[in-house]
Every structure is written in C-alpha cells, then in structure tokens.
Amino acid sequence: MRASAPGKLIVLGEHSVVYGHRALAAAVSLRTTVTLRPHEGLTVLGESAIRDDRLDAALALALPSRGYRVDIATDLPIGRGMGSSASLSIALLRLRAALEGIEPDFTWLHAEGFALEQIFHGQPSGIDHAVSASEGALVYRRGKKPRSVSMPPSTVVVLDSGTAGNTAELVAGVAARRPAIDPVLDRLGELVERSLPHLDDARALGEAMDEAHAHLAAIGVSTPKLDELVGLARRNGALGAKLSGAGGGGVVLALCPGGGQDTLRAARARGIHAFRCTIPCGGQDAHATEP
Ligand code: PMV
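Residues numbered from 1 in each chain as written. Predicted model: local features only at pLDDT ≥ 70, side-chain atom pairs only at ≥ 80, totals over all residues. Heavy atoms only, no water.

Undergrad: Describe in detail the site of the ligand, supporting the description with residues and values.
TA: Taken together, the residues surrounding the ligand are K8, I10, E14, H15, V17, V18, G81, S125, T167, V171, G245 and A246. A distance of 3.2 Å separates an oxygen atom of the ligand from a polar backbone atom of G81. Contact with the protein chains covers 86% of the free accessible surface of the ligand, which is 380 Å². Among the secondary structure elements, those contributing two or more residues to the shell around the ligand are β1 (2-12) and α5 (167-176). Class assignment for the residues of the shell around the ligand results in five nonpolar, five polar and two charged. (Near = heavy atom within 4 Å. Polar contact = N/O pair within 3.5 Å; in protein donor to acceptor, adjacent residues only side chain to side chain. Areas by Shrake-Rupley, 256 points an atom, 1.4 Å probe, with all protein chains shown as cover. Helix = DSSP H or I, 4+ residues; strand = E, 2+ residues; numbered from the N terminus. Nonpolar A, V, L, I, M, F, W, Y, C, P; charged D, E, K, R; others polar.)

Shown next as structure tokens:
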C-alpha cells in the first residue's frame, strides 16, 4: 500500500505570519511517498530517504505498532524549509486512513497532522502540513482555519543555498529586533493583502516577491548567499525571486512561468543545486492511496 503528499513553498508572508498577518503558501510538485509492506512482528522502518531521530516516534503515532515495513522516498530536499516532514506526516496519515477505512478529508488530515508535526517541529504554525494536505495554495493566518485560494499553476525554479536555516533561531532573532522592525513586518503583511486579488498576474506576483525579499533582508533573515541567488535568478529571466521559509539558509524561490531554462542554466553553471517544479501542484487525484 502506498500514499504520497507534496511539500510546500511559502510564496509571501513568512515571519510576518508569526505576528498575525496572513501568508500565502503553495504545494509543490515534489512529493514524499510512503510504502507499507506486510512484515512479521513489530512495524519497522525499511529504506528511508529521510533520516531523522524523530522518525520512530512519528511512525509509532501514525501507524499500527505491528505488521508493517515502512519505506520512505522523497523528491524534496531535506531540511530546506520545503515541508519534507509535513509531506511525510500527511502521507503517513493517508495510509492510516486507508487502514482504518476513513476518507481522509482536509479537516481530518489537518487535525491529525498537527501531533505529527509537533514531533518534528515542537511548536509549528501548522502551515506546512495544511498546505500538504490541501494539495493547492492556501492563505494562512495563525489560529484561523486555512483558506484555499485559486492560483494558476506556474513553473518555479528553486535554488538551494546548500545550508539549512534554523527556523526557531531565526524567529527568535526577528522577535529580538522588535519593535524597531515592526513597520517592515507590517509592510510584509500588507504586501500579502495587496497581492491576493492578483494571483493570476505573474508579473505583479514577481514584483511582490522581489519586494518581499527586500523586507526579509531588512528584518535580518537573508544571507549574502541568498541575496546572491536572488540576484542571479532575476538577471537570468525570473519574474521575481525571494528566499522562501525562515531564511538563514534554505532555498530561494524564483518565479519562472516561461520554464526557467535560463535561470536553471545560470545556476548550474555556478555549481548551484537548482531544480524546477510547479506551484501550486494541483493534481487532484495525485494524493489517492494506491493499493
Ligand atoms: O522554514 P519554514 O518553511 O519552516 O518556514 C518558517 C516560516 C516562519 O514564518 C518563519 C515561521 C512560522 O512558524 O510561520
């Protein structure tokens, strides 16, 4: 039995979402797939692309304690803010739902996913697994039910900085710079509000992403490497580019509705790990559980 779920990218609104503003995030066309096979005795982890001390606890919470071997494969980079753990959590829950004969709707996945995400992230905002469960684009406000938004699918290029940012430390760093940076956090929030009615306008969204990156740099979560990747993407055909996620490392998201050929070529020529994907991934039947 097999199930899969997508990762995510934050399109606009990281960090300001911590202070009550709305954020826009989208599922990506890169997925984590979990396969269950019958196994005598205790449920065990077989082959896994995700190596993490907390995996056993997550499996114990999500699956029956006996009878299965669990194999995990993923297309997502691990520890780069692209939702690898959230996609794993949602794929595990889809399997549990299949075993229990439950139809896993969004509300069930979001509620059950929270406990799994807490194993990986302590106090997550919940945005990652909400987006993974939705398979689309979401507007997210802390403490509120996430709302799906319609956003035409676009090709994006993801440029990997090669290092992981520490989300908890970056969030704490932003908190320490308040109240001086509050006007910038407000501008990030306003940018999301201004952009939401025009998500079908790729040029406007690209400009909003550029502006968001400048604000994220101003609150201290960008790095010279992230700024370099953003500049490289913009000089090579991207309509806009920004860090995505907590920053301090992780990835840059470049909007490339034309396919991103030039952005990819320029990145790879400099030895930067870059790849293409689609946001939001859509694929309504992509999350069906296969027998
Ligand atoms: O790095 P990620 O993808 O986990 O994103 C963190 C997003 C923040 O806004 C910085 C924190 C949060 O919990 O919303």
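There is more to say after this.
Undergrad: Tell me about helix α4 (residues 127-134), residues and numbers included.
TA: The buried count for α4 comes to eight of eight residues, which makes it a mostly enclosed element. Within the sequence span of α4, burial applies to I127, D128, H129, A130, V131, S132, A133 and S134. At the exit of α4 stands E135, carrying a positive phi of roughly 60°. (Buried < 20%, exposed > 50% of the residue type's maximum accessible area, 1.4 Å probe, protein only.)

Undergrad: Tell me about helix α2 (residues 84-100), and please be specific about residues and values.
TA: In this model, α2 (17 residues) spans 24 Å end to end at C-alpha, consistent with the 24 Å of a helix rising 1.5 Å per residue. Across the 17 residues of α2, 14 count as buried, placing the element largely inside the fold. Positive phi appears at G101, one or two residues downstream of α2, with a value of about 70°. (Expected span 1.5 Å × (residues − 1).)

Undergrad: I'd like to hear about the nonpolar core, residue by residue, with values.
TA: Ranked by size, the top nonpolar core spans 57 residues in total, and within it L9, L12, M82, L159, I219 and I279 carry the most contacts. Excluding residues that lie within four positions of it along the chain, I219 makes contacts with H15, V174, R177, I181, V184, L185 and L188. L36, I72, A97 and W108 belong to the second largest nonpolar core, which has 24 residues in total. (Core = buried A, V, L, I, M, F, W, Y, C linked by side-chain atoms within 4.5 Å. Contact = heavy atoms within 4.5 Å.)

Undergrad: Tell me what's going on with the pairing of strand β9 (residues 251-255), and back it up with residues and numbers.
TA: With respect to burial, β9 is a largely interior element, five of its five residues being buried. By the alternation rule, side chains of β9 split into V251, L253 and L255 and V252 and A254, which are all buried. Direction of pairing for strand β7 (residues 154-160) relative to β9: antiparallel, over a ladder of five bridges. Residue D160 lies in a different strand from β9, and its bridge partner there is V251. The sheet contact formed by strand β8 (residues 240-244) and β9 spans five bridges and is antiparallel. Each residue of the ladder has a partner; that of G240, found in β9, is L255. Where β8 folds back onto β9 in an antiparallel hairpin, the turn is made up of six residues, including G245, whose phi is positive at roughly 105°. (Pairing = 2+ DSSP bridges.)

Undergrad: Tell me what's going on with the sheet that holds β9, and back it up with residues and numbers.
TA: If you walk across this open sheet you meet the four strands as β8-β9-β7-β10, and the pairing is antiparallel. Each edge of the sheet is formed by a strand with only one pairing partner; in this case those strands are β8 and β10 (274-279). Adjacent strand axes in the sheet meet at a mean angle of 30°, parallel and antiparallel pairs treated alike. Each of β8 and β9 touches helix α7 (residues 202-218); the most contacted strand, β8, lies at about 45° to it. Most of the contacts of helix α9 (residues 261-269) go to β10, to which it runs at about 150°, and overall it touches β7 and β10. (Axes fitted to C-alpha atoms, helices over the stretch in contact; angles between N-to-C directions.)

Undergrad: Could you give me a rundown of the pairing of strand β4 (residues 66-74), with the residues and numbers involved?
TA: Where strand β2 (residues 23-42) lies against β4, eight bridges are found, and the strand directions are antiparallel. Within the sheet, the bridge partner assigned to R37 lies in β4 and is R69.

Undergrad: I'd love a proper account of unusual backbone geometry, names of residues and values included.
TA: Where the residue is not glycine, phi is negative for most of them; where a peptide bond is considered, it is trans in most cases. Backbone torsion omega between R178 and P179 reads 5°, so that peptide bond is classified as cis. Positive phi is not limited to glycine here, since E135 has a value of about 60°.

Undergrad: With reference to specific residues and values, describe the packing of helix α1 (residues 55-62) against helix α3 (residues 106-121).
TA: As a packed pair, α1 and α3 sit with axes 9 Å apart at the nearest point and diverge in direction by 170°. Taken together, α1 and α3 sit at an angle that is classed as roughly antiparallel. Contacts between α1 and α3 involve L55, A57, A58, L61 and A62 from the first element and A115, L116, I119 and F120 from the second. Of the residues assigned to the contact of α1 with α3, the class counts are nine nonpolar, no polar and no charged. (Parallel < 35°, antiparallel > 145°, perpendicular 65-115°, else oblique.)

Undergrad: Run through the packing of α1 against α2, naming residues and quoting values.
TA: Put simply, α1 and α2 touch, their axes get as near as 10 Å, and they point 30° apart. Between α1 and α2, the crossing angle belongs to the class labelled roughly parallel. Helix-helix and strand crossings are classified by hand; for α1 and α2 the assignment is right-handed. Taken together, the residues of α2 that come into contact with α1 (itself represented by L55, L59, L61 and A62) are L88, L92 and R96. Here the residues of the contact of α1 with α2 sort into six nonpolar, no polar and one charged. (Left-handed = near helix turned anticlockwise from the far one by under 90°.)

Honestly, that's just the spatial picture; any functional story needs more than this.
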